[in-house]
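Residues per chain are reported as follows:
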Amino acid sequence: MQNVASNDVVARIGREHYRTEIEVGGKSVVVDEPASLGGGDSGPTPYDMILGSIGACTAMTVRMYADRKGWPLESVTVRLRQARSYQQDCEDCGAQALPGITIERELVMEGALDDEQRERLTQIADRCPVKQALERGVHVQPAQPA
């Protein structure tokens, strides 16, 4: 992957256990492991990033729908958690296929919404494109030569 397009996501790691810098579109974020796993605890873990992506997409999807409808949504908070052990996954990844993860989601919507609007926004939250893509399966393949 020599030529980097503006929408490519590039992850780079050096000699620091396990601090990785992710760059996309001129912006960057650090991803790391906790000290208990040998990392420097300088950023969220890879699993945290998955949850963050689902949370951000869910919040944006709900906001977009409420705005289109002109509904009085003041804010939406998406709280996500999962119980997978990244350490265990790393230890097992070469030996066996890993099971899927289950993520618990809590939506907190602020604003003068009626019960029908809240119910509809909860349904719309399930239509977050990132969540749907992950549920359908993500396939990573080698890049084709240019």
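Because the structure is predicted, anything quoted here is derived from the model rather than measured.

Rules behind the numbers
The numbering scheme is per chain: residues are counted from 1 as the chain's sequence reads. At least 70 in pLDDT is required for a residue's local features to be given in this predicted model, at least 80 for side-chain atom pairs to be given and counted, and no such filter applies to totals for whole chains, interfaces and linings, which use all residues. Based on all heavy atoms of the structure, the side-chain values leave hydrogens and waters out of the count. Segments assigned H or I by DSSP are reported as helices when at least four residues long, segments assigned E as strands when at least two residues long, and all are numbered from the N terminus. Burial classes: relative accessible area under 20% of the type maximum marks a residue as buried, over 50% as exposed, and values in between as partly exposed (1.4 Å probe, protein chains only). Contacts are assigned to residue pairs that have any heavy atoms within 4.5 Å of one another. The Shrake-Rupley method, run with a 1.4 Å probe, gives the accessible areas here. Residue values count only the displayed protein chains as cover. Take the buried Ala, Val, Leu, Ile, Met, Phe, Trp, Tyr and Cys residues and link them wherever side-chain atoms come within 4.5 Å; each set so joined is a nonpolar core. Per residue, pLDDT captures the predictor's confidence, and it can take any value from 0 to 100. A carboxyl oxygen of Asp or Glu within 4 Å of a side-chain nitrogen of Lys or Arg is what we treat as a salt bridge. Note: two strands are recorded as paired if DSSP finds a minimum of 2 bridges between them. The convention used is that axes are lines fitted to C-alpha atoms, helices contributing only their stretch in contact, and that angles between N-to-C directions extend from 0 to 180 degrees. Each patch is assembled from residues with relative accessible area greater than 30% and no salt bridge, linking like charges that lie within 9 Å and nonpolar side chains (Val, Leu, Ile, Met, Phe, Trp, Tyr) that lie within 5 Å.

Regarding its fold elements, the chain presents 4 helices and 5 strands. Counting from the amino terminus, the chain carries its helices and strands in the arrangement β-β-β-α-β-α-β-α-α. By residue count, 23% of the 146 residues in the chain fall in the buried class. Sequence separation of 24 or more characterises 41% of the internal contacts of the chain that already satisfy a separation of 6 or more. With the model as given, the accessible surface of the chain reaches about 10300 Å², and the carbon-plus-sulfur share is 50%.

Moving on: the nonpolar core. Ranked by size, the top nonpolar core spans 16 residues in total, and within it Val62, Trp71, Leu73, Val76, Met109, Leu113 and Leu121 carry the most contacts. At the level of elements, helix H1 (46-69), strand E4 (73-82) and helix H3 (115-125) are the ones that each hand at least two residues to this core. Ranked by residues supplied to this core, first place goes to H1 with 6 residues. In contact with Leu73, not counting residues within four places along its chain, are Val62, Arg63, Ala66, Met109, Glu110 and Leu113.

This prediction gives the chain a mean pLDDT of 89; 86% of its residues lie at or above 70. Here helix H2 (residues 86-92) stands out as the least confident element of the chain, with mean pLDDT 60; H3 is the most confident, with 98.

To continue, consider the pattern of salt bridges. One pass over the full model with this rule turns up 7 salt bridges. The shortest N-O distance in the salt bridge between Asp126 and Lys131 comes to 3.8 Å. Between Glu135 and Lys131 there is a salt bridge, and its shortest N-O distance comes to 2.8 Å. Taken together, the residues Glu135 and Lys131, both in helix H4 (residues 129-136) and 4 residues apart, mark about one turn of the helix. According to the relative accessible area criterion, Glu135 is exposed, its value standing at 56%.

In a beta sheet, neighbouring strands pair by backbone hydrogen bonds and run either parallel or antiparallel. With antiparallel pairing, 3 strands are arranged side by side in an open sheet as E1-E2-E3. Whereas interior strands pair on both sides, the edge strands pair on one side only; in this sheet they are strand E1 (10-13) and strand E3 (27-31). Between one strand axis and the next, the sheet turns by 25° as a mean value, whatever way the strands run. For strand E2 (residues 20-24) and E3, the ladder comprises 5 bridges, and the chain directions are antiparallel. Pairing of Val24 across the sheet is with Lys27, part of E3.

A contiguous nonpolar surface patch, about 430 Å² in accessible area, is contributed by Ile50, Val130, Leu134, Val138 and Val140. Here Ile50 is to be found in helix H1.

This next bit is on the environment of Thr122. The topology assignment puts Thr122 in helix H3. A sequence separation of 13 residues divides Thr122 from Met109, and the C-alpha atoms of the two residues are 9.3 Å apart. Apart from residues lying up to four places away in sequence, Thr122 is in contact with Arg105, Leu107 and Met109.

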